[in-house]
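Coordinates in review
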Protein chains: 2
Amino acid sequence: MLELRLVQGSLLKKVLEAIRDLVTDANFDCSGTGFSLQAMDSSHVALVALLLRSEGFEHYRCDRNLSMGMNLNNMAKMLRCAGNEDIITIKADDGSDTVTFMFESPNQDKIADFEMKLMDIDSEHLGIPDSEYQAIVRMPSAEFSRICKDLSSIGDTVIISVTKEGVKFSTAGDIGTANIVCRQNKTVDKPEDATIIEMQEPVSLTFALRYMNSFTKASPLSDQVTISLSSELPVVVEYKVAEMGYIRFYLAPKIEEDEEMKS
Amino acid sequence: MLELRLVQGSLLKKVLEAIRDLVTDANFDCSGTGFSLQAMDSSHVALVALLLRSEGFEHYRCDRNLSMGMNLNNMAKMLRCAGNEDIITIKADDGSDTVTFMFESPNQDKIADFEMKLMDIDSEHLGIPDSEYQAIVRMPSAEFSRICKDLSSIGDTVIISVTKEGVKFSTAGDIGTANIVCRQNKTVDKPEDATIIEMQEPVSLTFALRYMNSFTKASPLSDQVTISLSSELPVVVEYKVAEMGYIRFYLAPKIEEDEEMKS
DNA sequence: ACCTCTCGTT
DNA sequence: AACGAGAGGT
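About the cut-offs
Sequence order sets the numbering: in each chain, residues are counted from 1 along the sequence as written. Ligands are numbered from 1 and chains lettered from A, in the order in which they are written. In keeping with the predicted nature of the model, local features appear solely for residues at pLDDT of at least 70, side-chain atom pairs appear and are counted solely at 80 or more, and the whole-chain, interface and lining totals rest on all residues. Remark: hydrogens and water are excluded; side-chain values derive from all non-hydrogen atoms of the structure. Per the convention used, a helix needs a DSSP run of H or I reaching at least four residues, while a strand needs a run of E reaching at least two, with both numbered from the N terminus. When we talk radius of gyration, it's over C-alpha atoms, and the globule rule is simply 2.2 Å times the number of residues to the 0.38. For every residue, the accessible area obtained with a 1.4 Å probe (protein chains only) is divided by the maximum for its type, and the residue is called buried under 20%, exposed over 50%, and partly exposed between those limits. A contact between two residues is defined here by any heavy atoms of the two lying within 4.5 Å. Surface accessibility in these figures is a Shrake-Rupley result with a 1.4 Å probe; residues are shielded only by whichever protein chains are displayed. Here the limits of each domain have been adopted from an automatic or database domain assignment. Put simply, buried area is the surface a 1.4 Å probe can reach on two separate parts but cannot reach once they are joined, added for both. The salt bridge definition used is simple: a Lys or Arg side-chain nitrogen within 4 Å of an Asp or Glu carboxyl oxygen. Pairing of N or O atoms within 3.5 Å defines a polar contact, subject to two protein rules: one partner must be a possible hydrogen donor and the other a possible acceptor, and residues neighboring in sequence count only if both atoms are side-chain atoms. Residues belong to a common nonpolar core when they are buried Ala, Val, Leu, Ile, Met, Phe, Trp, Tyr or Cys residues joined through side-chain atoms within 4.5 Å. UniProt positions are given in the numbering used here, feature names are shortened, and annotations may be inferred rather than shown by experiment.

Considerations on the overall build of chain A
A count of helical and extended segments in chain A gives five helices and 18 strands. Taking 18 Å as the expected radius of gyration for a compact globule of 263 residues, we find that chain A reaches 20 Å, a close match to that expectation. Projected onto its principal axes, the C-alpha positions of chain A cover 55 × 50 × 35 Å. Here chain A holds 263 residues, and the buried ones make up 51% of them. The long-range fraction of contacts in chain A, counting pairs at least 24 apart against all pairs at least 6 apart in sequence, stands at 64%. Carbon together with sulfur atoms contributes 46% to the accessible area of chain A, which is approximately 12800 Å² in total.

Quick word on the domain arrangement of chain A
Residues and elements named next belong to chain A. Each assigned domain of chain A is listed with its residue range as follows: domain 1 (2-117) and domain 2 (135-262). One C-alpha centre belongs to domain 1, the other to domain 2; they are set 28 Å apart. With 22 residues of domain 1 in contact, the opposing surface of domain 2 contributes 19 residues. When domain 1 packs against domain 2, the two sides together hide about 1800 Å² of surface, and 66% of this comes from carbon and sulfur. Counting across the interface, domain 1 meets domain 2 through one salt bridge. Asp-21 is the partner of Lys-217 in a salt bridge, and the nearest nitrogen-oxygen pair spans 3.4 Å. Here domain 1 and domain 2 share seven residue pairs in polar contact (both at pLDDT 80 or more) between them.

With respect to the nonpolar core
Among the nonpolar cores identified, the biggest contains 160 residues, and Met212(A) and Met212(B) are the most heavily contacted of them. Once residues within four sequence positions are removed from consideration, Met212(B) is found in contact with Phe144(B), Cys148(B), Val158(B), Ile160(B), Phe207(B), Val235(B), Val237(B) and Leu251(B).

A short note on the UniProt feature "domain: Proliferating cell nuclear antigen PCNA C-terminal" (unreviewed entry) in chain A
UniProt's entry tags residues 127-254 of chain A with the feature "domain: Proliferating cell nuclear antigen PCNA C-terminal" (unreviewed entry), counted in the numbering of this structure. When the span residues 127-254 of chain A is considered, its composition is 15% helix and 45% strand, and the gap between its end C-alpha atoms is 22 Å.

Focus on the interface of chain A and chain B
Note: interface size is frequently given as the accessible area lost on complex formation between the parts. Across the boundary between the two partners, chain A contributes 17 residues, which contact 17 residues of chain B. The junction of chain A with chain B conceals about 1400 Å² of combined surface from both sides, 46% of it contributed by carbon and sulfur atoms. If you look at where chain A meets chain B, you find zero salt bridges. Counting the contacts that link chain A with chain B gives eight residue pairs in polar contact (both at pLDDT 80 or more). Of all the secondary-structure elements, those providing two or more residues to the side of chain A that touches chain B are α2 (72-79) and β9 (110-117) of chain A. The biggest single contributor to the side of chain A that touches chain B is β9(A), with eight residues.

Structure follows, in structure tokens:
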């Protein structure tokens, strides 16, 4: 028996909007720790890891670990039927092949329940080691989103270069080139406007903008985004989910063309 | 000679937006009583009945009964040219094959007149008897609209079930099922938020969501909608037009599948 | 915070 | 033409 009651239901709605265009089917894993998901995108290039800790739920009952395979498009369709102020409860009976989403309007006048079929999905759950990163950039998520969107109208890839003064996003395409530099800025009126760079050593890596633009769909979840970079490691683009956990996107850097030739 | 002056011209604009995707051509009937329309939708499944009483007009002159056939898309095109604050006057000369819409801006600085060709439309005018209904639900029009829209992302039909505690909207589709229950609620801060159920006996009927979603285009006309249900009778979905009359939509229930087989 | 309106997109 | 996203207003 599973029963997870989330007062701020809009969080779950946003989580699904954030990952549904990257991942079509995935297993949600429930344990005492929380409600989590790990999945590769459909082209097996990027990885999404979601964690919503049990303490973030008003009520969290999970009698035994459960892995529920869901079609994220169908799940998103149902969650779109919840109001932004609704309380969302996720329910599943042991051994059942369905999951129920219950939506309660703030004044309790409207109660909706949506039942969805589960599916069998085989997925290897990767252990993701905690790594040290050469550079960690924290910046406003809206700004990062705007930059990726803007650059993708010029080129297909973005080179992210971090020095301790700032972070530079560069691209090149048929019509020209573009560079956007964001300076570190800690002394800002509102903390959510800050751009903070923690750098061990300069780093410069190249990524496909297509995936970056998918990642930024998570922007509504958090005012800030954290970008963790190291040579040889996938970049981690992380959005906090208020008081509950995070969504992390992993993407391997593009190898420089000359190195690509060597291999 | 016909001359109808409507101070709150936006009402007529909204009326047209409400019915133009259901009905393409229709006769507007003018008499001493008022300005009215009755038409089947293009697939002859739903019926629209509009009444704007003569008392609702600032000036109402209708020398003799007149039936004016109009293309509602063209009429809507013209009315869209009126500002929301404009006073609209509808004029027609006896025997003329055109109608004129005159728009006066609130400060009288702008006066526009649009002349539109009338068309011959043969329509049988049905007498619609006043019936007793097993259940009448009054609820916020925006909520009804949202429910129909949400359910149509899951299934094609809605089952509306009324008990004295509340009204339930249900659907089923490939990806799952959905039930939305609205409780009766008379004791609400604002009367337009109330949900009121007058029930003689429980009733449960099935309707095509496609039409319901067309009906809800009339939501801008009124904060509340009235849904009148009886077995064997078409549902009536009614929106009041402020101080003037109403738009009513009629739709026959779907017959249960097993009964359909018999026939 | 919610809703409306406008704009851009499919 | 209809829908969805974004911005601005209440």
